[in-house]
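Understanding the architecture of this molecule
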Amino acid sequence: MKEIAQHAAGVAALTIATVVLSSSHASADTRPYQPAVLRLSYTNIEGRPTSFIDQTLIPATGIPVGKRTEVNSKTFKNSVRQFYSQISAMAPISVANQTDPAREMYDLLIRPLHQELERREITTLLISMDLELQSIPIAALHDGTQWFGQKFAFSVTPSMSLMPRVESSGNDSKSKNLLAGNSRFQQLAPLPFVEQEIKQIASLSKSTVAFNETFSQERLITEAESEDTNIIHLATHAEFIPGRPGKSKIHMENGSFTLNDLRQLRLSREEKPLNLFTLSACRTATGDSNSELGLAGLALLAGAQSAIGTLWYVDDIATSIFFIRFYKWLSEGNTKSQAIRLSRDEMIKGLFKVENGQVLDKDGNIVLDQLSRRQIIKLRQGLSHPYFWAAPVLLGKPW
């Protein structure tokens, strides 16, 4: 079928993945590493009430499998909006109910290939999705037994053309990370946990820190152009403006800038691209027809191997916890998609404790400190709802 022909490049990408992830690669997942490309396309036939969702699974070895699901166009679009609203508004979820949007959306998008995923024991997916599907929080799909984002390590891309063919060398002894952000702003609400987030991540690896007054557009571009910089993590406010990607902003303490200025990185770092560009901010992976996958998508256009953004207005405490744990898992040798899966899993299982104004991991290590009484009460209610862990989405390469 045409989807297989259009995305045969995925097989080549997965061959690279298999080489990169050697058998000696550390991982918290005891399952054998089995990657695949999952192509989800949406075809709307003009003048007809029906549309088609095509699902194509391209494994690293073996024959691709394709399925087609017919849907009512209006009903499906309403279901997508309802599902997004349910998760982003933290509305109640009943996964025991087969008619719950999380279950219904799984049945439409994934169920046709459920048996193939099980039979082939797939663990990692590179998911290519059409624009009409990109607002769907894939991690929050539920098969009746388990959340999709708990079972699979995955990343998302709108197109295989955005996947750089050159691999970054994350193990280079000279490589470093740039951790930048703001906790205070002139006209926006403060982000009190950004400083702790950056300090915790900085303790895990060789890093350069640019915080508040030392974080500027010039500093960011200078560090990003250095081939020694491997990962960029920005923790701040961001604003995606639909239809105007050039006006979408990353906020600093005083002023803002757009990611359009970073597109020069594709040329300046063509031989050694950034490994990861993370935007720890609100709605940075929500895009439109002019800029698919939002600000995080622009980071891919700037030549990053992978980028992380969020799908809705996130909770600042939960987001800081999520990214602190993500980099902890990443520092232990897990792939990016696996580190995100493990971070989700901790939240879903309620593995964090709140004691004496602190958030502690399962081993008793401090994740966040100096919580207010209101924040303590809020966190003790748990972080298991997908609102807290399904918003961060990995774009580009999953490894």
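Residues numbered from 1 in each chain as written. Predicted model: local features only at pLDDT ≥ 70, side-chain atom pairs only at ≥ 80, totals over all residues. Heavy atoms only, no water.

**Some thoughts on the pattern of salt bridges**
A full pass over the atoms with the stated rule returns 17 salt bridges. The partner of Asp130 in a salt bridge is Arg39, and the shortest N-O contact between them spans 2.5 Å. Taken as a pair, Asp130 in the loop between strand S4 (124–129) and helix H6 (148–151) and Arg39 in strand S1 (residues 35–44) lie far apart in primary sequence, 91 residues in all. Grouping residues by exposure puts Asp130 and Arg39 together as buried. Lys328 serves as the salt-bridge partner of Glu332, at 3.7 Å between the closest nitrogen and oxygen. Classification of Glu332 as partly exposed rests on a relative accessible area of 38%. Given a relative accessible area of 31%, Lys328 falls into the partly exposed group. (Salt bridge = Lys/Arg side-chain N within 4 Å of Asp/Glu carboxyl O. Helix = DSSP H or I, 4+ residues; strand = E, 2+ residues; numbered from the N terminus. Buried < 20%, exposed > 50% of the residue type's maximum accessible area, 1.4 Å probe, protein only.)

**Considerations on the pairing of strand S3 (residues 65–72)**
As judged from the 8 bridges shared by strand S2 (residues 50–59) and S3, these two strands associate in the antiparallel manner. Bridge assignment links Leu57 to a residue of S3, and that residue is Val65. The hairpin formed by S2 and S3 contains 5 residues between the paired strands, and Gly62 there has a positive phi angle of roughly 100 degrees. (Pairing = 2+ DSSP bridges.)

**Re the sheet that holds strand S15 (residues 358–360)**
With antiparallel pairing, the 3 strands of this open sheet are ordered in space as S14-S15-S16. Two strands close off the open sheet at either side, each with one partner strand: strand S14 (353–355) and strand S16 (366–368). Going from strand to strand, the sheet's axes swing by 45 degrees on average, the running direction of each strand aside. Strand direction decides the pairing type here: S15 and S16, joined by 2 bridges, are antiparallel. Along S16, the bridge assignment pairs Val359 with Leu368. (Axes fitted to C-alpha atoms, helices over the stretch in contact; angles between N-to-C directions.)

**Observations regarding unusual backbone geometry**
Although it is not a glycine, Met90 adopts a positive phi angle of roughly 60 degrees. At Glu121, a residue that is not glycine, the phi angle is positive and equals roughly 55 degrees. In this structure, Glu121 sits in the loop between helix H5 (114–119) and S4. What makes Glu121 exposed here is its relative accessible area of 54%.

**Points about the pairing of strand S6 (residues 176–181)**
Judged by how many residues are buried, S6 sits mostly within the fold: 6 of 6 residues are covered. Of the two faces of S6, the one lined by Lys176, Leu178 and Ala180 and the one lined by Asn177, Leu179 and Gly181 are each fully buried. When S6 meets strand S7 (residues 207–211), the two strands line up parallel, connected through 5 bridges. Bridging across to S7, Leu178 finds its partner in Thr208. In this view, the connection linking S6 to its parallel neighbour S7 by way of helix H7 (residues 194–202) has right-handed handedness. (Right-handed = clockwise from strand over helix to strand, strands pointing away.)

**A word on the packing of aromatic side chains**
Inspection of every chain in the model, using the stated rule, returns 9 aromatic pairs. Ring centres 4.8 Å apart and planes at 35 degrees place the aromatic pair Phe148 and Phe152 in the tilted group. Exposure class is identical for Phe148 and Phe152. Each is buried. Ring centres 6.2 Å apart and planes at 80 degrees place the aromatic pair Phe215 and Phe257 in the edge-to-face group. Taken together, the residues span a long stretch of sequence, with Phe215 in the loop between S7 and helix H8 (217–225) and Phe257 in strand S11 (residues 256–257) at a distance of 42 residues. A residue is classified by how much of its surface remains accessible, and Phe215, at 4% relative accessible area, is buried. Phe257 sits in the buried class, given a relative accessible area of 4%. Taken together, the aromatic side chains of Phe148, Phe152 and Phe154 make up a single cluster linked through ring pairs. Looking at Arg68, its charged tip hangs above the ring of Phe52, at a distance of 4.5 Å from the centre. (Phe/Tyr/Trp six-rings, centres within 6.5 Å; stacked < 30°, edge-to-face > 60°. Lys NZ or Arg CZ within 6 Å of the ring centre and 35° of its normal.)

**Some remarks on the confidence of the model for the chain**
Residues with a pLDDT of 70 or more make up 79% of the chain, whose mean pLDDT is 84. Confidence over residues 1–25 falls short of pLDDT 50; this stretch has 40 contacts with residues more than four positions distant or in other chains. Predicted confidence for residues 287–292 stays below pLDDT 50, and this span has 17 contacts to residues more than four positions away or in other chains. (pLDDT = per-residue confidence, 0-100. Contact = heavy atoms within 4.5 Å.)

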